[in-house]
Amino acid sequence: RWVKRDVYTLGKQLNSGIWTLPFIGHSYLFFGDNESRMKAFQTFGRDAISKENGLTLLWHGNYLYTIVADPEAAELVLKCCLEKDDIMKMATLYVGNGSIFAPVPIWRPRRKVLVPSFSMKYLKHFMSIFVKESNVMVDRMKNITGTGPISAFKYFTAYTMDAITESTLGYKMGAQEGRNQNFLRAFDEGLAEDAKRLCQPWLHSDLIYNNLPIYARLLKNKDYLWDFVKEVIRTKRKEMTEKTDTEEHIENSSKENLQTFLESLIKLSGGDEGYTEIEIVEELMVIMIAGNDTSAVGASFISVLLSRHPEVQEKIYEELQQVFADSERLITFEDLPRLKYLDAVIRETLRLYPPVPVIVRKVEKDVVLPCGIKLVPGTGVLVNIWALHRNLRYWGEDAEVFRPERFLDTPLTHPAAFMPFSHGPRNCVGYQYAMMSMKTVLSTVLRRYRILPATTPNSNSEHPPLRLKYDLMMKDEDDFQIKLEFRR
Ligand code: HEM
């Protein structure tokens, strides 16, 4: 009873003007389609940033979430509350105990192995994969250039799938060439169904869900994907033991050859004494799932914004001309830090359109926020990244305006004011990989093509607003339509 009283006291302090209904609280706002679910997150987000403390609340039935859209509060929460909210357990079928949703005692040692495998020393070897796959993509685009609108997402998601499977498993998936359709179908179906379930409260009970035909199909998909990955692991382990594993060989292989995440995880977890086969599968599935659509969604939003802001696109092109002039040479790792304006454009897009718009944590001990409000165990926290990135107190009066220069001329007002990759100990371990991959593919596209809008602006030169939807990620309901024109 005391616990419940604490929760209601918190609810009262947070005080939201958004209507609740008996028994279901605010859940009715999530009953519609994916577009209305994104609208609901936006409504709660706007309510939070309209308040001095940047907080509001959401009753999911009788479970209370504190919604946070203030960087100071978010920083504290993401440092103190490391456990993911129970709701995320529904998304663990494909990844098992993989780090992204794992309970803290499992996550902590796995994170220790994950972090060094994402160090720049290893990441720079992936540049050759990004360059190769980016070129496959721009070649595929030749046929549709000058024709009607196309879905940018269709191209970027095939690119990221090929790049991520090659850097993870060393396996050439060929998604861009239409190969391995069974793998891709099983992979995509799992994510789409997870998203559906998460957003539909009547599917939350395991008792109901595990008896539906879809659950049996997802289990079959999971077995197929896991068997596929296990086979690659066995071959790699065999290869690694067959090679005379002298210290000298390991030195040379990490220096000169491409080291996949699979190899890093085997070595960094302790070789034969390290991760079991299942642990490796779980971590590889996490990397593939976390790293695929997120970057594809990011690159797709950027393409749509560039189509609507030709002046920004021309500035990127000028920068590319400064770096490459008219040569046809391929981009290198050393070119990346020179693309400063492109970097700012990517950041500004991730600010206004963060692919992961909300993240959730569980409160396990009292946490007193800077404004004095105490979060209590038995409640959840939802950090609304979408709203936090539009908080006027930290981004100024033009917070809603797409202005990449802000990342060049104004330092961040708070370290957590910009957090598309989350913040704190459980943040995205792949953010440098993502930035390298997005810069490579976007610069390759923009050197060859001009991206044009698929919509017609009104008399004020304004395009219709993007129709956003939420399905674990934030996406464009119209599938990121653009047109392409040859530059040369
Ligand atoms: C634009 C691209 C990306 C975005 C916006 C993004 C965003 C995020 C966010 C918000 C989280 C934290 C979720 C939470 O706090 O609950 C996360 C975690 C994670 N991301 Fe990313 N991500 C991106 C790309 C990638 C890539 C390319 C990889 C791998 C190659 C990756 C691997 C991971 C992993 C392994 C975690 C879990 C970390 C942990 O729990 O310790 N991400 N990502």
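Look up: the structure comes first, before these words.
Rules used throughout
- Residues numbered from 1 in each chain as written.
- Predicted model: local features only at pLDDT ≥ 70, side-chain atom pairs only at ≥ 80, totals over all residues.
- Heavy atoms only, no water.
- Pairing = 2+ DSSP bridges.
- Helix = DSSP H or I, 4+ residues; strand = E, 2+ residues; numbered from the N terminus.
- Contact = heavy atoms within 4.5 Å.
- Axes fitted to C-alpha atoms, helices over the stretch in contact; angles between N-to-C directions.
- Near = heavy atom within 4 Å.
- Polar contact = N/O pair within 3.5 Å; in protein donor to acceptor, adjacent residues only side chain to side chain.
- Nonpolar A, V, L, I, M, F, W, Y, C, P; charged D, E, K, R; others polar.
- Core = buried A, V, L, I, M, F, W, Y, C linked by side-chain atoms within 4.5 Å.
- Buried < 20%, exposed > 50% of the residue type's maximum accessible area, 1.4 Å probe, protein only.
- Parallel < 35°, antiparallel > 145°, perpendicular 65-115°, else oblique.
- Left-handed = near helix turned anticlockwise from the far one by under 90°.

Enquirer: Hey, could you run me through the sheet that holds strand S8 (residues 449-453) in this one?
Expert: In sheet architecture, strand pairing relies on hydrogen bonds along the backbone and comes in two forms, parallel and antiparallel. The three strands are arranged S3-S11-S8 in an open sheet whose pairing can be described as antiparallel. Since the sheet does not close on itself, it has two edges, and those belong to strand S3 (150-151) and S8, each with one partner. Helix H13 (residues 277-308) contacts S8 and strand S11 (481-486) of the sheet and is inclined by roughly 80° relative to S8.

Enquirer: Looking at this model, I keep getting lost on the site of the ligand. Mind explaining?
Expert: Looking at the ligand, there are 29 residues lining it, with Lys-84, Trp-107, Arg-111, Arg-361 and Cys-428 nearest. Contact between the ligand and Lys-84: an oxygen atom at 2.9 Å from a side-chain N or O atom of the residue. Arg-111 places a side-chain nitrogen or oxygen 2.8 Å from an oxygen atom of the ligand. For the shell around the ligand, the elements supplying multiple residues, two or more each, are helix H4 (104-117), H13, strand S4 (358-362) and helix H19 (431-448). When residues in the shell around the ligand are grouped by element, the largest group, six residues, is from H13. Residue classes in the shell around the ligand are distributed as 18 nonpolar, seven polar and four charged.

Enquirer: What should I look at first to understand the side chain of Lys-222 in this one?
Expert: Locating Lys-222 in the fold gives a position in helix H10 (residues 213-242). Once residues within four sequence positions are removed from consideration, Lys-222 is found in contact with Leu-93 and Tyr-94.

Enquirer: Explanation requested: the nonpolar core in the structure shown.
Expert: One finds Leu-284 and Met-285 to be the most contacted residues of the largest nonpolar core, which totals 131 residues. For this core, the leading source of residues is H13, giving 16 residues. Apart from residues no more than four positions distant in its own chain, Met-285 is found in contact with Tyr-94, Val-95, Leu-225, Trp-226 and Val-229. Val-77, Val-363, Leu-388 and Met-419 belong to the second-largest nonpolar core, a separate cluster that totals 26 residues.

Enquirer: Any chance you could explain the packing of helix H12 (residues 261-268) against H13 here in plain terms?
Expert: To characterise two packed helices, one gives the angle between the axes of the helices and the distance between these axes. Axis separation between H12 and H13 bottoms out at 11 Å; the angle between their running directions is 140°. In terms of their interaxial angle, H12 and H13 are classed as oblique. When the axes of H12 and H13 are compared, the crossing they make is right-handed. For the pair H12 and H13, the contacting residues are Phe-261, Leu-262, Leu-265 and Ile-266 in the first and Ile-280, Glu-283, Leu-284 and Ile-287 in the second. Looking at the contact of H12 with H13, its residues break down into seven nonpolar, no polar and one charged.

Enquirer: What is the right way to read the pairing of strand S7 (residues 380-384) from this model?
Expert: In the case of a regular strand, side chains alternate between the two sheet surfaces. S7 sits mainly inside the fold: five of its five residues count as buried. Burial along S7 is two-sided: Gly-380, Leu-382 and Asn-384 facing one way and Val-381 and Val-383 facing the other are all buried. Bridge count between S4 and S7: five bridges; the pairing is antiparallel. In the sheet register, Lys-362 faces S7, and the bridge partner there is Gly-380.

Enquirer: Any chance you could explain the environment of Ala-74 here in plain terms?
Expert: Relative to the helices and strands, Ala-74 is located in helix H3 (residues 71-80). The exposure class of Ala-74 is buried, given its relative accessible area of 0%. Aside from chain neighbours lying at most four places away, what touches Ala-74 is Val-68, Val-383, Leu-388 and Met-419.

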